[in-house]
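# Notes for the structure review
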Amino acid sequence: NIFATDWQRNRPSTPSTMTDMYDPPKVSDVKLRPYPHEERGKEFGRANDPVKFLQAAEQRARERQIAYETVRILRKDVIACYRKEGVNHYDNCKEVTKAYYDVIIKNDVGQVQPDWSNPEMKEGW
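Residues numbered from 1 in each chain as written. Predicted model: local features only at pLDDT ≥ 70, side-chain atom pairs only at ≥ 80, totals over all residues. Heavy atoms only, no water.

## Some points on the overall build of the protein chain
Of the regular secondary structure elements, the protein chain holds four helices and zero strands. Within the protein chain, buried positions represent 18% of all 125 residues. Here the contacts in the protein chain between residues at least 6 apart in sequence split such that 47% fall between residues at least 24 apart. Carbon and sulfur atoms form 56% of the exposed surface of the protein chain, whose accessible area is close to 10800 Å². (Helix = DSSP H or I, 4+ residues; strand = E, 2+ residues; numbered from the N terminus. Buried < 20%, exposed > 50% of the residue type's maximum accessible area, 1.4 Å probe, protein only. Contact = heavy atoms within 4.5 Å. Areas by Shrake-Rupley, 256 points an atom, 1.4 Å probe, with all protein chains shown as cover.)

Structure below.
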């Protein structure tokens, strides 16, 4: 076709899908080792070992992101079950909804927390 644009001439022959909703779940093979927990020092609020403190802060950030993503995945499962079951979702989605509820009622949505020397002071998390 002489009126075809470059994009139409060079597009792939296989059709692409607009969503990855039907793809199998992706699982990461990355294994991160946990860093030991390091709190701020008593003097001037500085850490006794700054490197360990930053590594522990990154570890807590990863754990927080895992907790948020877990909630997001469980929420997607609940929505998918409700859409699939329709008016029968009261009976057929109990397990999925209970799993979601059990996670969201936890403190910090189930984020793994280190053993703090002072449980009231959580470094802002």
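## A few points about the state of the cysteines
Enumeration according to the criterion identifies one disulfide in this entry. The partner cysteine of Cys-81 in its disulfide is Cys-93, sulfur to sulfur 1.9 Å. The sign of the -95° torsion about the S-S bond sets the Cys-81-Cys-93 disulfide as left-handed. Placement of Cys-81 in helix α2 (residues 50–85) and of Cys-93 in the loop between α3 (89–92) and α4 (94–104) is noted, with a sequence separation of 12 residues between them. (Disulfide = S-S within 2.5 Å.)

## Side note on the nonpolar core
Val-71, Leu-74, Val-78, Tyr-100 and Val-103 form the largest nonpolar core, which has five residues in total. Looking at this core, the elements with two or more residues in it are α2 and α4. Not counting chain neighbours up to four residues away, the residues in contact with Val-103 comprise Val-71, Leu-74, Val-109 and Gly-110. (Core = buried A, V, L, I, M, F, W, Y, C linked by side-chain atoms within 4.5 Å.)

## Points about the confidence of the model for the protein chain
Averaged over every residue, the pLDDT of the protein chain is 77; the share at 70 or more is 69%. Ranking the elements of the protein chain by mean pLDDT puts helix α1 (residues 6–10) last, at 60, and α4 first, at 94. (pLDDT = per-residue confidence, 0-100.)

## What to know about α2
The terminal C-alpha atoms of α2 lie 52 Å apart, and with 36 residues this matches the ideal 52 Å at 1.5 Å per residue to within 8%. Three or more residues of α2 are buried, namely Phe-53, Ala-56, Ala-57, Gln-59, Arg-60, Arg-64, Ala-67, Val-71, Leu-74, Val-78 and Cys-81. On its buried face, α2 is in contact with α3 and α4. The first or second residue beyond α2 is Gly-86, which carries a positive phi of 65°. (Expected span 1.5 Å × (residues − 1).)

## Here's the deal with the packing of α2 against α4
Direction vectors running N to C along α2 and α4 enclose 155°, while the axes themselves pass 9 Å from each other. Taken together, the axes of α2 and α4 lie roughly antiparallel to each other. Handedness of the crossing formed by α2 with α4: left-handed. The segment α2 lies against α4, with Val-71, Leu-74, Arg-75, Asp-77, Val-78 and Tyr-82 engaging Val-96, Thr-97, Ala-99, Tyr-100, Val-103 and Ile-104. When its residues are assigned to classes, the contact of α2 with α4 shows nine nonpolar, one polar and two charged. (Axes fitted to C-alpha atoms, helices over the stretch in contact; angles between N-to-C directions. Parallel < 35°, antiparallel > 145°, perpendicular 65-115°, else oblique. Left-handed = near helix turned anticlockwise from the far one by under 90°. Nonpolar A, V, L, I, M, F, W, Y, C, P; charged D, E, K, R; others polar.)

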